[in-house]
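Next come the chains, spelled out residue by residue.
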Amino acid sequence: MRCLTVMKSGWHVNMSCKRRRFAAVIACVLPNQMFVFVVVALLTDFFGSVCGSNLTSFGEFQFELEPRDVIAAKDSGAIFNCMVRSSAQIDVEWLKDGAPVEYDDRRYKLQNGSFVVEAVEHLRHQRSDQGDYQCMATSRSQGTIISRKAKLQVAYLEKAFAEEPQSVSVHLGDMMMFSCRINGLPTPDVRWFKDEAELESSHSNYFIHYDNVLELRSVQFSDFGRYRCKASNKDRSKLSRNAFLSQDSDPSTYQGVLPRFIMKPRDTIALEGDTVVLHCGANGRDRNGAAPRLEWLKDGATLDLTSSDHHFTLEGQGSLRIDGVQGQDEGEYTCRAINMEDSVDEAVMLTVQVPPKFLLRPKSKAMLVNSDVELECDVLGSPRPTIRWLKNGFAVMMDDYVQMTEGRNLRILGVMKSDQGMYQCTATNAVGMIQAVAQLAINERKILDEDQLSTSNSLLPPPATDITAAYMSSRFVTLAWQYSNELQETMEPLGFLVYWKEKDSVRERVLNTSSIEASIQDLKPSTKYDIRVITYNAYGINNDSMPIAVETNAEDFVPASPVNVLATASSTTSVDVSWTPPPNLSDPITHYKLYYYNINDGAFEFDTNVTETRYTVTGLLKFSRYGFRIVAFNKNGPGVSSDEVTCRTFSDVPSQPPQNVSAEAASSTSIVVTWEPPPDGSQNGIITGYKIRYKQKLRGERSGNTVTTDGNLHFMELTGLDRNTEYMIRVQALTVNGSGPASSWAITETFLHDLDETSVPGQPTSLRVRAFTNSIAVSWTPPVEQDIMIRGYILGYGIGIPDVYSQILDAKMRYHTIKSLKSSSEYVISLKAFNNVGEGVPIYETTSTREESTPEPHTPMMPPVALKAIVLSSTTILLTWSDTTLGRSQRITDSRYYTIRYGTKVLTKYKMMNSTDLNLHVEELRPDTEYEFSVRVTKGNRQSTWSLSVFNRTKESVPTSFPRDMTPVAMEGKSTTVIVNWQPPRHPNGQITGYLIFYTTDATEPDSEWVVEEVRGDRLSVTIRDLTPETTYYFRIRARNSVGQGPMSPTVIFRTPRIDGTGGGIIETPDDFGPLNRLPVRNSWSFGHMQNSRGSTETPASASGMISSVVLWIIVGCIGGVMVVTAVIAAAVFIYCRNASAKKLMKNRDKLAEQKSKYGRKDLNPPDLWSHELTELTHTDKEFSEEAFDEISKQRPTDSERYHMGGSDSRYRSMSPRSVQMVSPGDKVSYHGIAKVLPRDAEINSVRTRSSSNSTPRVNAGDITQSSSGRSSKQPLLNITSSLKNSAGAIQSPVRPVPPVSCTPLRTPDVTKVDLCPHPLPSKQASTEELSAEMANLDGLMKDLTEITQEQYDC
């Protein structure tokens, strides 16, 4: 990341890049004008754009027309076209098989760039012109690009047929098919001949398929004879041998036989978009003389060949034609021939090849030197295309800095000027090649203009210091450094740039960070690196940095991953696995370890030791997919695991019969058979159908009849049966390998008479339900009245009530699954039969779906081990771990990632982070907090369990909050002693080692002039003695720990009592009393403020002479004057109301005296609303958690629970003191009084120097923190008394009137309270002397207010 500052003629531009985002702040200041214009722009992906450099314009440079494959006859001509679209002048050349073409009179280039070959040469032992041709275009300003490959092939026709017609005998009326295939270029045309006469495709009994297969629909006597085919292309022609079609005279093979194939479909590989025909033909008539019926299934489901808009069509008698084949058409196809005797199946695989297609093309990019760039490219195709990268026409050589990521993207680390050029992503598979072009431009980094360097050096941040390698590994290093905090806020850096490069290497990399630590990844073991850290801010970069040299740890050499791993099924229970040894072996391989697991369940991963590069894994499950990977071992241990390959074992016939087979009579001539599939583990393949065999029980037929259904059907109606006859029925499951074992015989009897439909059906006899998470399986039995016609069933269901939803089911069905239901819900199921008369009586059942749960993922992977938590700072912990599946090299070469889980003991909710490396920096942690960490690995659909947890505590940090609830309390009987209580800070960030209490009588003085009372340890109270009675004091407090001091608390105003112990208390800080409630100012950057080299702060306007300080003071004065006038008016109204109240009190004086004589005097002890006793704390280690502080805070009284003084004006309040344990056990705390604000211009009667009698040292604040003004002498505390006193001794205030005593009774714990309420209470009585004293006090207050008001008006 870089920052750019440009200053041109009144424009000030700050541009900075941080955390992969680009921030531009533009401030325009016109001379002598108070006008500031600010624009903030955010541009994403800094590394993909130019930060602080001129934007690069990419000219158009790509192929508009690329050469295509050419098939030319021998001695004929061929031409390859090439057209390039470019904004600059280009040169076009041609390559053959990667080498430049040598032009001559026979091979030359046209003016438009096309390439011509005249009289293509094709010799038997030297094919000089055949090969791959490419067009190469070069632009001097941009680079070179190369087109895709185009093949030049010479036309040919093979000498031998791949398949030619065979002689065969058939019965009259059977079908017959002849095939003729021969390889050649271009694809040869085929014609058919019978008895040397060419057959016409329009003949009624002949049909010539798309791929030249001859089909005879129903053989007649005239069709017997001699057949042959002739294949021709531009090369030559060839005739096949003769095949004789004759009549089969054997009657035993004509009728009552099983179906037999005369042509079976074969495995086919087709190009996307081609037309494919899967041929199938069968003969064999059943006992009724019916020819076999042909059906097609795809992946076990019957294809719907009646749809007019589908590209599946039936061609001829039973061949399947697929027009415009697509990738989704790939799969297993089954041709089924069925008659009443039996059925036979033949399955084949259709593989669809797809040329490469771009999903993501690379984009042109402009980058800065030393940055990282990744050019993305993604393609789709089958077989999976191979991606290669070219730079200016040459293959990109991969190394440690130029890498292929995810097998497709090109990543360059630390780009240099030499990396600039044209890059091409090429994708190639067996059926095509494509390419895409992107330009990479490299720009130099620019920081400041030369003429601005001298004026900006003072604004640059200081360099980073104490750069150290906090943690060193063989593959990464963690850096830490220091940065001075003594500078003002505008001098702080926006970030740090970390540069590193390999020793003596010219390629340097850079990363940006805003913290004082960084982790450098992807290093090499036992390698020396030079690292430097530089700082930057809005004014530029400080390049003053001392580099450090580090050397990564050594790492034992272990083998790389084996390559070319191939897994091939060899049987239903075994797989052959082969591989090639790792490349670049320095030590011999001792052995290999083969890991494999069942992808279907993934419960365990098995392994076996192998010494060769081939092994057959046996004992596997049938038709199950397995994953395989290989790890090579040498003397140093295991190496890197290979990529995982998968393979499925062969299918087999089902090992168990269908389940729950039942048969029920549907009428006098039909029976309904239902069943369920075999168990999942015994199907051994895709169920392609079910074979139902049935026969009469009494006749004892040996074979009976056979009906075959689709694999997705689970019921069948047998029709055409005899009345009142018992039938035996059994079912077998089918796969492409054949029939599995048959179920037990089910026996049922057809009805004597047809069913009656004059009444509605009865109620089903039973209803059973089985609930799952989102579905319910329902099964039932029909009504008892079997002679009543049932047309179907109505299944109703709903949450809580039935029949909210309904489904109509076939009368033959006996079970059904209701899907898409809500989990954890109670459903009411209803079922009733119906016919044309109406609906029968329903039957009900209630069930609840299961609770939805997240299934545990398969965990065949081992969890990471050796997890370590290394504390780097108060907010950062470095985690490292090892993965046993990576071998000793611990290099990640696949797409696995790691999930880190961490949290504290208090918080039950964990946080998660992901990492693609074997380490991770966990940041933004709490200081001085113990954390728990664990990690797991995920690869594809596999996931490990969590590793063992590790614990570690972050370092301490300075407190980030001030002590809470500071409360000064006067000691009972001692007007010169104050006890200060407080609560610990909410965020101590470590063990509190002490507190500093600041106090003074003049709040306008700087902090360095305040008196400091030091409290060591974690005590929460201190006694301050030798104060001046009847004086206003200002208190503040801050906490400290072993790292440093925290922020200062808000100011608390307290007035000491009179010598006689009366008066005094806490004064609530007024809202407009700004200096008293000041909070510590943090260093933060604020736009619009700059700092000069002397440390003073000024706004841009003042710096440029726009606004002077005098004008600002005038504005402030005007605002203050308005506020004073408003305050005077409010005071006048306030005094008038108080005078009326005082007269009323005087009238009630005699009445109060009479009440005293009647009731007598009593001591008042109102209940203590908040008595918080604190025990004396010792200097022991004590931790304060955030939850503990919250618990203490809950015990604090609210403002409404405290006793207030000052009437309705709550800004002047006397807070109730707390009961505390004193430093001297004999002292008691008991105090109440009235406190008033000390006037700023009060007369100073005496001055004396403070001396501490406490055991804890008391020093001046200037001795702790040196003031910027340079004053070092202690400022003595002033003993201030006012000469403005009334008869009651109250201090007059020229600032604002003091409100009278509140009617709320004041109290202190454990002492007798005096009722100061001026009006009578229902159950209490005050003396006349006390009332007289209070009335005198009120008279003095009113006089004071009158004088103040008069003085204000006189002004």
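Keep in mind it's a predicted model, so treat the numbers as computed, not measured.

Caption draft 1: Region of the structure containing the state of the cysteines. Scanning the entire structure with this criterion turns up four disulfides. Paired by a disulfide, cysteine 280 and cysteine 335 hold their sulfur atoms 1.9 Å apart. The chirality of the disulfide connecting cysteine 280 with cysteine 335 is left-handed, given an S-S dihedral of about -80°. Pair noted here: cysteine 280 is in the loop between strand E29 (276-278) and strand E30 (281-283) and cysteine 335 is in strand E35 (residues 331-338), with a separation of 55 residues, a long-range link. In this pair, the class of cysteine 280 matches that of cysteine 335, namely buried.

Caption draft 2: Broad picture of the environment of isoleucine 776. Its location among the elements puts isoleucine 776 in strand E71 (residues 776-783). It is 7.3 Å that separates the C-alpha atoms of isoleucine 776 and threonine 849, two residues lying 73 residues apart in sequence.

Caption draft 3: A look at the side chain of glutamine 130. For glutamine 130, the position within the fold is in the loop between strand E12 (115-117) and strand E13 (131-139). Once you skip the residues sitting within four places of it in the chain, glutamine 130 turns out to touch Lys96, Asp97, His122, Leu152, Gln153 and Val154.

Caption draft 4: Spotlight on the sheet that holds strand E77 (residues 865-871). The strand order E77-E78-E81 describes an open sheet built from three strands, whose pairing is antiparallel. This sheet does not close on itself; its edge strands, each paired only once, are E77 and strand E81 (919-922). Each neighbouring strand pair of the sheet contributes to a mean axis angle of 15°, computed without reference to strand direction. Here five bridges tie E77 to strand E78 (residues 877-882), and the two strands are oriented antiparallel to one another.

Caption draft 5: How the structure looks around the sheet that holds strand E58 (residues 614-617). Pairing in this open sheet of three strands is antiparallel, and the strands run E54-E55-E58 from one edge to the other. Each edge of the sheet is formed by a strand with only one pairing partner; in this case those strands are strand E54 (563-569) and E58. Sheet twist, expressed as the mean angle between neighbouring strand axes with direction ignored, is 15°. The sheet contact formed by E54 and strand E55 (residues 575-580) spans five bridges and is antiparallel. Following the sheet pairing, leucine 566 is matched in E55 by serine 578.

Caption draft 6: Just unusual backbone geometry, in detail. Residues leucine 185 and proline 186 are joined by a peptide bond in cis, for which omega reads -15°. Following serine 382, the chain continues into proline 383 via a peptide bond in cis, with omega recorded as 0°. Mapped onto the elements, proline 383 comes out in the loop between strand E39 (378-382) and strand E40 (386-391). With a phi angle near 55°, asparagine 392 is a residue other than glycine that sits in the positive phi range. Tracing the backbone shows asparagine 392 in the loop between E40 and strand E41 (394-395). Here the phi dihedral of alanine 866 falls at roughly 55°; this positive angle occurs in a residue that is not glycine.

Reading the values: rules and limits
Residues numbered from 1 in each chain as written. Predicted model: local features only at pLDDT ≥ 70, side-chain atom pairs only at ≥ 80, totals over all residues. Heavy atoms only, no water. Disulfide = S-S within 2.5 Å. Helix = DSSP H or I, 4+ residues; strand = E, 2+ residues; numbered from the N terminus. Buried < 20%, exposed > 50% of the residue type's maximum accessible area, 1.4 Å probe, protein only. Contact = heavy atoms within 4.5 Å. Pairing = 2+ DSSP bridges. Axes fitted to C-alpha atoms, helices over the stretch in contact; angles between N-to-C directions.

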